[in-house]
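What follows is each chain in one-letter form.
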Amino acid sequence: MTDFSQSDELMVSEPTKAGINSAYFDHIKKINDVFYDQIKLSDQKAAYIFTFMLAFLVSSSEGRAVFTVNRYLGATAQGMVLSAILATASILCILAAILVVLPRHVSKSTSLFWGAWPKLRQGFLDAAYNADRDYLFSQYVDNADILSGIARSKYRCVVFAFRALMVTVVSYVLLLVLI
């Protein structure tokens, strides 16, 4: 029978000089990595949506026609409404996709952001000289807060762009079927 209380494999590392358990330190680093990946994914999704919309508008004469006055002159009420919905949804979709990839401005920053490095460099060096793990931990926690806010903001725009894309597709199909 194994004495699990003495097993190195099952024991969480001892608290550090600063009192931060390495399991929590590893976890907050992982949180930062996951949030960063989610930000990259939102940018990729927006790029796909934008590319699809651009290809749609360039290749579809029906898609381009909804932006001309001639489309609405003499059209049925149903045709005008569907055309207006398609035009509006297309514009909103493209704008929302662009908003996803626009740079974000945050009120605070950490040493993990290149733009803040000149200002925070000395604090990092001081913490390194003093082997201050609390500094590192707080930088990761603050950065996770920042990344979380950026990811939420980007995903709101992705969700809006995707919904506008669905309205675009449905209105386009309805135009093709009904008109």
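None of the values given here were measured: they were computed from a predicted structure.

Conventions used here
- Residues numbered from 1 in each chain as written.
- Predicted model: local features only at pLDDT ≥ 70, side-chain atom pairs only at ≥ 80, totals over all residues.
- Heavy atoms only, no water.
- Helix = DSSP H or I, 4+ residues; strand = E, 2+ residues; numbered from the N terminus.
- Buried < 20%, exposed > 50% of the residue type's maximum accessible area, 1.4 Å probe, protein only.
- Contact = heavy atoms within 4.5 Å.
- Areas by Shrake-Rupley, 256 points an atom, 1.4 Å probe, with all protein chains shown as cover.
- Axes fitted to C-alpha atoms, helices over the stretch in contact; angles between N-to-C directions.
- Left-handed = near helix turned anticlockwise from the far one by under 90°.
- Nonpolar A, V, L, I, M, F, W, Y, C, P; charged D, E, K, R; others polar.
- Parallel < 35°, antiparallel > 145°, perpendicular 65-115°, else oblique.
- Core = buried A, V, L, I, M, F, W, Y, C linked by side-chain atoms within 4.5 Å.
- Patch = residues over 30% accessible without salt bridge, like charges linked within 9 Å, V, L, I, M, F, W, Y side chains within 5 Å.
- Salt bridge = Lys/Arg side-chain N within 4 Å of Asp/Glu carboxyl O.

Counting its secondary structure elements, the protein contains 5 helices and 0 strands. Each helix (α) and strand (β) of the protein, taken in turn from the N terminus, gives the series α-α-α-α-α. Taken over 179 residues, the protein has a buried fraction of 29%. Taking the contacts inside the protein whose residues are at least 6 apart along the sequence as the reference set, 77% of them involve residues at least 24 apart. Here the protein has roughly 11800 Å² of accessible surface; of this, 65% comes from carbon and sulfur atoms.

This paragraph deals with the packing of helix H1 (residues 22–59) against helix H3 (residues 77–101). Where H1 meets H3, the closest approach of the two axes is 9 Å, and the angle between their N-to-C directions is 145 degrees. Crossing handedness for the pair H1 and H3: left-handed. Taking contact as the criterion, the partners of Ser-42, Asp-43, Ala-46, Ile-49, Phe-50, Met-53, Phe-56 and Leu-57 in H1 are, on H3, Leu-86, Ser-90, Cys-93, Ile-94, Ala-97, Ile-98, Val-100 and Val-101. Classifying every residue of the contact of H1 with H3 gives 13 nonpolar, 2 polar and 1 charged.

Look at H3 against helix H5 (residues 133–178): their axes get within 8 Å of each other, and the N-to-C directions meet at 155 degrees. Accordingly, the angle class assigned to the pair H3 and H5 is roughly antiparallel. Of the two possible hands of crossing, H3 and H5 adopt the one that is left-handed. Here the contact of H3 with H5 is composed, by residue class, of 22 nonpolar, 6 polar and 1 charged.

With 20 residues, the main nonpolar core has Ile-49, Met-53 and Cys-93 as its most contacted residues. Examining the composition of this core, we find that 8 residues originate from one element, H3, more than from any other. Look past the residues within four positions of Met-53 in its chain and what remains in contact with it is Ser-90, Cys-93, Ile-94, Leu-165 and Thr-168. Ile-39, Ile-146, Leu-147 and Ala-151 belong to the second-largest nonpolar core, a separate cluster that totals 5 residues.

There is a patch of nonpolar side chains on the surface, built from Phe-52, Phe-162, Met-166, Val-169, Val-170, Val-173, Leu-174, Leu-176, Val-177, Leu-178 and Ile-179 and spanning about 950 Å² of accessible area. Locating Val-173 in the fold gives a position in helix H5. Look at Val-173 and you get partly exposed, because its relative accessible area is 42%.

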